[in-house]
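Geometric and topological summary
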Amino acid sequence: MVFGDGDKFAGALDVVGHELTHGVIDHSARLVYQNQPGALNEAFADIFGEMIEARTTGRPDWILGTGLARPMRNMANPAAFTFSAGRPYPTRMSEFIDLPVSEEGDWGGVHINSSIINRAYYLLAAGLEGAIGLRDAERIFYRALTVYLTRNSQFIDARLACIQAAEDIFGAGSAQARKTAEAFTAVEIGAAPPTPDPPDIPSVRGPDSTLFVYRDQSGNFRLGRREDARGDENHGSQLANTVVAAARPSVSRNGTFAVFVNAQNDVCLIGTDGSGEECLGSPGWVYSVSMSPDSQLFGFVFRDALGNRDNRISVINLATDESQTFTLKTPSYDGPATDTIRYADAMDFTNDGQWVIYDALNAINFADGSQLRQWSLYALHLNTGTSLALTTPTPGFDVGFPALSQTSDNFLTFDVFDEARNQSTVVAANLNTGDWKPIATVAGDWGVPGYTGDDTAIVFSQRDPNVPLGVSLVRQPLAADRITPQGQPSWWLRNADFSVIYRRQSTPSPGAGALENPSPNSFQSGVGLFSGWVCEAGRVEIEIVGTRLQAAYGTSRGDTAGVCGDSDNGFALLFNWNLLGDGQHTVRALADGREFGRATFTVTTLGTEFLTGARGSYWLSDFPQAGQNVRIVWQQASQNFVMTDYRP
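Keep in mind that this is a model prediction, so the values were computed, not measured. (Residues numbered from 1 in each chain as written. Predicted model: local features only at pLDDT ≥ 70, side-chain atom pairs only at ≥ 80, totals over all residues. Heavy atoms only, no water.)

Here the focus is the overall build of the protein. Scanning the protein from N- to C-terminus turns up eight helices and 40 strands. In terms of principal-axis extent, the alpha carbons of the protein reach across some 100 × 75 × 50 Å. Out of the 648 residues in the protein, the part that is buried amounts to 50%. Considering only contacts within the protein whose residues lie at least 6 apart along the sequence, 50% involve residues at least 24 apart. If you sum the accessible surface of the protein, you get close to 29,200 Å²; carbon and sulfur atoms cover 50% of it. Taken as two groups, the 47 positive and 72 negative side-chain charges of the protein have centres that lie 4 Å from each other. (Helix = DSSP H or I, 4+ residues; strand = E, 2+ residues; numbered from the N terminus. Buried < 20%, exposed > 50% of the residue type's maximum accessible area, 1.4 Å probe, protein only. Contact = heavy atoms within 4.5 Å. Areas by Shrake-Rupley, 256 points an atom, 1.4 Å probe, with all protein chains shown as cover. Lys, Arg positive; Asp, Glu negative; His and termini not counted. Charge placed at Lys NZ, Arg CZ, Asp CG, Glu CD.)

Structure below.
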């Protein structure tokens, strides 16, 4: 913590406790420092700062900054204090103040609107009739903060989290739980559903392909591609003609277009099919580049005339033909941003194009002349120019190479390099909950990780002494939560580094699909399947005898990837053929009401819709070929004979 000399901040115990609580928040809920999550961040810091002071002095005064020349906030009566031109702090939600997300707008009113939550806490602890007291109140709010709240939690989520925490500690229906609900209702934060998680982004249909950097026989770095549909061999093929920098390229979401920095520090563009390779003709000026998934935004870290990187990120918007340059500063709580960032390196745009996630080198000077130089992660909001710290500079650990998941802006993978051990840990994190898991360890180097096209795995670089580059790519499967390693890693691509996984957006052939069973002119009896495949269907139906029945859709069919662009295209419907009766019948298969398959077949029954009570077990000699024998048993459930034994 750093205290300025504008007031006796270090001598105010509640202020010191407030700032220390920000550290607890950073390592628990990690509430984003803007709008309602930021106001929660400030409120919890106020609350526990005041509780620290109360524990020391014996009672709370409910004033934050009692020892300052001008106290900051009144938790018991927020309106008693003003924040701007005599404007009082809000006491309830009807007084909530909407402000811009900027330094002048208090990042959306994080210090101002925090007073609403402060008031709820005061009411719970001391202000309501039958208030539960400091000890119980602080236990409830601490559990809510450290167990239930997440980085994007809103005020309603704080209500729900605190009620749940009260029930956890004191029991459902307890006086503490009832009073917690009453306190939030009193400040007009009523019962409502929780804030939903952001929806996922549909993955691009198609197999995973890879762009990567490798070293050729002359020792130069080259841009390579491995895409099965383009006929690339297992080791990949050279994509670009120019020599490239040892840096990760960036690929559009539809997999058709890539941008990279060449060895002359110029920006180059190329189609992933090898077409249209072109460099901008400004060698020496670009250190790193990234492209938004829709290929409309390009982010640059530039070099000056001496070749040094500066502490700015420039973004060009092709849709509006506008550009912005952002000077990078380290955000801080309760004070102005600081100039500790020297420069950025790797960047990645969110799918919505509103944020750039980047790593940056911090240089923090101390009074004794020493300096802390560490890499950490930040998020730059393009509409407001504000930055959020995703990680904080930690001595001995560098954090870099961030890459967002491909079906959500809520998951991030990155490297944490341990200087003492000379190794990196590849990490995957849920940005909303703050949960993170180690994925793999890379000895002596960075992993430069990235998600696969459907986020079911992370591909990263690993030392490999058996290849010329000394580095190969490894694929680590993930659990459904997208951050937990599951199963064993495997080699993905040898002699490759700085990879990015992409999928080429394919357009399925109109009407592509097939009804495979029953096949035309076939004979059916007993219980069987309507089955086949179809591309891009929301609903698959089978129409038989004027009735439409919905089939299960989406099973894996690897043989359809070339036509559909992915393999999840199979459908099936279990059916008792005997219900149709003897004779010929015609079936239609429909995808979203459109016919894509038809067959006429013959049903042969045993004189009843469903044969019951039949028994039988028989040996068939010389079947399925001479010298072999199988035993068949009649099974009522399937209305068919089933082979149960085999003898040569």
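On to the nonpolar core, then. In terms of nonpolar packing, the biggest core is built from 40 residues, with Phe-44, Ile-47, Trp-62, Ile-117, Tyr-121, Phe-141 and Phe-184 touching the most fellow members. Contributing elements (two or more residues each) for this core: helix H2 (35-57), helix H4 (114-127), helix H5 (134-148), helix H6 (155-170) and helix H7 (175-186). It is H4 that contributes the most residues to this core, eight residues altogether. The contact partners of Trp-62, leaving out residues within four places of it in the chain, are Glu-50, Met-51, Arg-73, Asn-74, Met-75, Ala-76, Tyr-121, Tyr-122, Ala-125, Ala-126 and Leu-134. (Core = buried A, V, L, I, M, F, W, Y, C linked by side-chain atoms within 4.5 Å.)

Looking at the secondary structure, you find Glu-322 in strand E15 (residues 322-327). Here the alpha-carbon distance between Glu-322 and Leu-297, two residues 25 residues apart in the chain, equals 9.9 Å. If we ignore the near neighbours within four places in the chain, the residues touching Glu-322 are Val-315, Ile-316 and Asn-317.

Attention shifts here to the sheet that holds strand E7 (residues 237-238). One open sheet holds the four strands; their spatial order is E7-E6-E5-E28, and the pairing between them is antiparallel. In this open sheet, the two edge strands, each paired with only one partner strand, are E7 and strand E28 (497-502). By the bridge criterion, six bridges tie strand E5 (residues 209-215) to strand E6 (residues 221-226) in an arrangement that is antiparallel. Paired with Tyr-214 across the two strands is Arg-222, which belongs to E6. (Pairing = 2+ DSSP bridges.)

Function-wise, these values are silent; they only describe arrangement.
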